[in-house]
Amino acid sequence: MLHRTMRTSWLPAAAVALLCSAGVGPAFAQDPGIDTENKTVTVGAFTPITGPVPFYAILTHAADAFYRNLNENGGIDGWTVKYVTKDDGYEPARSVAATRQMVEDEGIFALSAAVGTATNVAVIPYAKEVGLPMVSPIGGASAFFTEANIFPLLPDYGWSAASNADFAVKDLGLQKVALLWENDELGRSAKRGFDAYMADAGIEPAESVSFDVKTTNFSPQIRRIANSGAEAVVLFGSNANLAAALKAADLQGLDVKWFAPFFAADPSTFKLAGDLLDGVYFSSWLLPLSSEDDNIAAYREAIGEYYPDDPVGVFGLNGWSNAALFAEGFRALLASGEELTRENLIAALETLDGATVGGAQGISFEPGDHRGTRQEGVIQAQDGEFVLVKDFRPYPAVVFDAPAN
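So, a few notes on the structure that sits alongside this text. A quick note: this is a predicted structure, and the numbers were derived from the prediction, not measured.

Comments concerning unusual backbone geometry
- For Ala 113, which is not glycine, the phi dihedral falls at a positive 60°.
- Along the polypeptide, Ala 113 turns up in the loop between β4 (110-112) and α4 (117-130).
- Ala 113 sits in the buried class, given a relative accessible area of 1%.

Okay, here's the thing in C-alpha cells:
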C-alpha cells in the first residue's frame, strides 16, 4: 500500500485576507500546504495504482520511501513532508480531477514526482491557473522544459540518444551507427536527437528502423541493420524490446556494439536477456545502482525497509531522485528567508546550480531555462552488474541548445 497522509487543513485566500484585515498575525498568510506551527509541508502526486500500468506505482513507492526516510532523519531543516497520493488509473482526465482534489481538499503546496507523460501534460493548464508548481513530473514532454511552473528532472530522450551516438563516434571510433526506435513519442524524440547529432557530425546513419512497442520478433529489423554494415546500434525502447533485439541479433550472428537508454539499465533486463546483455552501453543521467554513493546506498536501504517486495532498480531510483528534487527546492526556499509561497518555491528552484539530487548530479535551473539534467555518463552491463565506464559530461550542444519542440 502507498503511504497515506492526514488531510492538512488550509484557508482559502479570501479567508486569509479577512483574517489579516481583522488583525490576525501574518503567520496565517501562507500558501496552502504550509503548516508553520507544526513545520509541515504537504505535497502530492497522482499515480496509476489501477489501470494498464499499475507497475508504475513502483515509482511512487520509491518517492514515498524517500520522504519517509527523510522525515525519520530530521526532515528538511526540521520540516516534515506529508506526501499525499491519488490513483488516476493512468487516465489524463482523472489526473486533472485528482490534482484538483489534492489542491482543494488536501491543500497541497506542490506536485512532486507525479507519474506519466500524458497525465502530467493534461494537468498543466489547471496547475498554471492555480499557480501550482509541478516539481519533477516523471515523463518526457517538450512542454515540461518551457513552462515557468514546471521543473523536470528527466532529460529529453533526444539528448540521451545523442549522448549514446556521441560515445559511439568519439570514444569508440565507430562511424556506421544505426538507430532502432520505438514508433511513438519516446522513439520519435530519440530519433530527433540522434538525427541532429549525426547530421552535425557529418555522418550518414547506417540505418534507421522503427518498431512497434509490442514487437517481440525483431528478425526483419535486424536483417536490415545487418545489410547496412552497421558497427553499432542505438535502440530506444523498453527493456523487453532490447532483450528481443539482442536475441534476434544473436540468432543472425550480428556482431555490433549496442546502446540503450538509462531506464533499460535495470536488473530486470538481465532476467530478460541473460548473458546477451553483457557489453551493452547505456547513456544515463543516473548513477549506476551498484554505486557506493551515499544517495544510491540510501535508496537501496530505504526500499528494503519500506517496500521490501519492490525490486531495487533504475525504475525505483528514478522515483526516489524525482522526489529528492522537491526537497532540494524547499531547502533552498527555507535558506532564502522568503515567505513560504508557491511563487517563492519556483524562485528558489531556479537558484539550484550543479546540485546533487538523489541519483543525479549537476542539476541546475534558472529563469527561462528549466532543463535540470545537463549531463550523462555511460554505463555498461558487465557480468550481471552495471558499471560506470565513462564519467558524466554535458549533452552534445547541437541537441541540448536547440529550442524545445
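Having put the structure on the table, let's press on.
Digging into the sheet that holds strand β7 (residues 177-182)
- What the 7 strands build is an open sheet, ordered β8-β7-β9-β10-β11-β14-β15; its pairing is mixed. The sheet terminates laterally at β8 (207-211) and β15 (385-394), the two strands that pair on one side only. Between one strand and the next, the sheet's axes are offset by a mean angle of 20°, whatever the strand orientation.
- Of the pairings in the sheet, the one linking β7 to β8 comprises 5 bridges and is parallel in character. Paired with Leu 179 across the two strands is Ser 208, which belongs to β8.
- Together, β7, β8, β9 (232-236), β10 (257-261) and β11 (281-284) form the strand contacts of helix α8 (residues 239-252), whose direction differs from that of β10 by roughly 170°.

Comments concerning the packing of helix α2 (residues 57-71) against helix α11 (residues 314-336)
- Packing of α2 against α11 leaves a shortest axis separation of 7 Å and a crossing angle of 45°. One way to sum up the angle between α2 and α11 is to call them oblique. In the crossing of α2 with α11, the sense of the turn from one axis to the other is right-handed. Within the contact between the two elements, α2 uses Ile 58, Leu 59, Ala 62, Ala 63, Ala 65, Phe 66, Tyr 67, Asn 69 and Leu 70 and α11 uses Phe 315, Gly 316, Asn 318, Gly 319, Trp 320, Ala 323, Ala 324, Phe 326, Ala 327 and Arg 331.
- A per-class count over the contact of α2 with α11 returns 14 nonpolar, 4 polar and 1 charged.

Re the pattern of salt bridges
- Applying the stated rule across the entire model yields 18 salt bridges.
- Of the charged contacts, one joins Arg 188 and Glu 185 as a salt bridge, the two residues approaching to 3.9 Å between their closest N and O atoms. With Arg 188 and Glu 185 both in helix α6 (residues 185-201) and 3 residues apart, the pair spans about one turn of that helix.
- When its relative accessible area of 38% is taken as the criterion, Glu 185 is described as partly exposed.
- Between Glu 207 and Arg 224 there is a salt bridge; the shortest N-O distance is 3.2 Å. Highlighted residues: Glu 207 in strand β8 and Arg 224 in helix α7 (residues 219-228), separated in sequence by 17 residues.
- Among the charged side chains, a network of salt bridges with common partners joins Asp 166, Lys 170, Asp 171, Lys 390 and Arg 393.

Describing α11
- Over its 23 residues, α11 runs 33 Å from end to end, which matches the ideal 33 Å to within 8%, given 1.5 Å per residue.
- Counting buried positions over the 23 residues of α11 gives 17, a clear majority of the element.

Observations concerning the environment of Ala 62
- One can find Ala 62 in helix α2.
- Among the residues examined, Ala 62 registers a relative accessible area of 0% and is labelled buried.
- Other than its neighbours up to four places away in sequence, Ala 62 contacts Tyr 299, Ile 303, Gly 316, Gly 319 and Trp 320.

Notes on α7
- All of the buried residues in α7 are Gln 221, Ile 222 and Ile 225. The arc enclosing the buried residues of α7, seen along the axis, measures out at 95°, which places them on a common side.
- For α7, the elements touching its buried residues are β7, β8, β9, α8 and β10.
- Of the residues one or two after α7, Gly 229 is the one with positive phi, at around 75°.

Brief notes about the pairing of strand β13 (residues 360-363)
- Bridge count between strand β12 (residues 355-357) and β13: 2 bridges; the pairing is antiparallel. Note on β13: the bridge partner recorded for Ala 355 is Ile 363.
- Counting the residues in the hairpin turn of β12 and β13 gives 2 residues, including Gly 358, whose phi is positive at 60°.

Points about the packing of α11 against helix α12 (residues 342-349)
- Two elements in contact, α11 and α12, have axes separated by 8 Å at closest approach and are oriented at 105°. Relative to α12, the element α11 is oriented roughly perpendicular. Within the contact between the two elements, α11 uses Leu 325, Phe 326, Gly 329, Phe 330, Ala 332 and Leu 333 and α12 uses Asn 344, Leu 345, Ala 348 and Leu 349.
- Classifying every residue of the contact of α11 with α12 by side-chain character gives 8 nonpolar, 2 polar and no charged.

Notes on the side chain of Thr 99
- Residue placement: Thr 99 occurs in helix α3 (residues 92-106).
- Judged by relative accessible area, Thr 99 falls into the buried class, the value being 0%.
- Contact partners of Thr 99, with chain neighbours within four places excluded, come to Phe 46, Leu 111, Val 123, Tyr 126 and Leu 132.

Regarding the pairing of strand β3 (residues 80-87)
- Two strands pair when backbone bridges link them, and strand β2 (residues 40-47) and β3 are joined in this way by 8 bridges, in the parallel orientation. By the bridge assignment, Thr 47 is partnered in β3 with Asp 87.
- Between the parallel elements β2 and β3, the chain passes through α2 in a crossover that is right-handed.

Structural notes on the packing of aromatic side chains
- Enumeration according to the criterion identifies 26 aromatic pairs in this entry.
- Residues Phe 55 and Tyr 56 carry aromatic rings whose centres are separated by 4.9 Å and whose planes lie at 85° to one another, so their mutual orientation is edge-to-face.
- Judged by relative accessible area, which is 21%, Tyr 56 ranks as partly exposed.
- Aromatic ring contacts, followed pair by pair, group Phe 66, Tyr 67, Tyr 83, Tyr 299 and Trp 320 into a single cluster.
- Residue placement shows Arg 371 over the ring face of Phe 400; its charged tip is 3.9 Å from the ring centre.

What counts and what doesn't
- Residues numbered from 1 in each chain as written.
- Predicted model: local features only at pLDDT ≥ 70, side-chain atom pairs only at ≥ 80, totals over all residues.
- Heavy atoms only, no water.
- Helix = DSSP H or I, 4+ residues; strand = E, 2+ residues; numbered from the N terminus.
- Buried < 20%, exposed > 50% of the residue type's maximum accessible area, 1.4 Å probe, protein only.
- Pairing = 2+ DSSP bridges.
- Axes fitted to C-alpha atoms, helices over the stretch in contact; angles between N-to-C directions.
- Contact = heavy atoms within 4.5 Å.
- Parallel < 35°, antiparallel > 145°, perpendicular 65-115°, else oblique.
- Left-handed = near helix turned anticlockwise from the far one by under 90°.
- Nonpolar A, V, L, I, M, F, W, Y, C, P; charged D, E, K, R; others polar.
- Salt bridge = Lys/Arg side-chain N within 4 Å of Asp/Glu carboxyl O.
- Expected span 1.5 Å × (residues − 1).
- Arc of directions from axis to C-beta.
- Right-handed = clockwise from strand over helix to strand, strands pointing away.
- Phe/Tyr/Trp six-rings, centres within 6.5 Å; stacked < 30°, edge-to-face > 60°.
- Lys NZ or Arg CZ within 6 Å of the ring centre and 35° of its normal.

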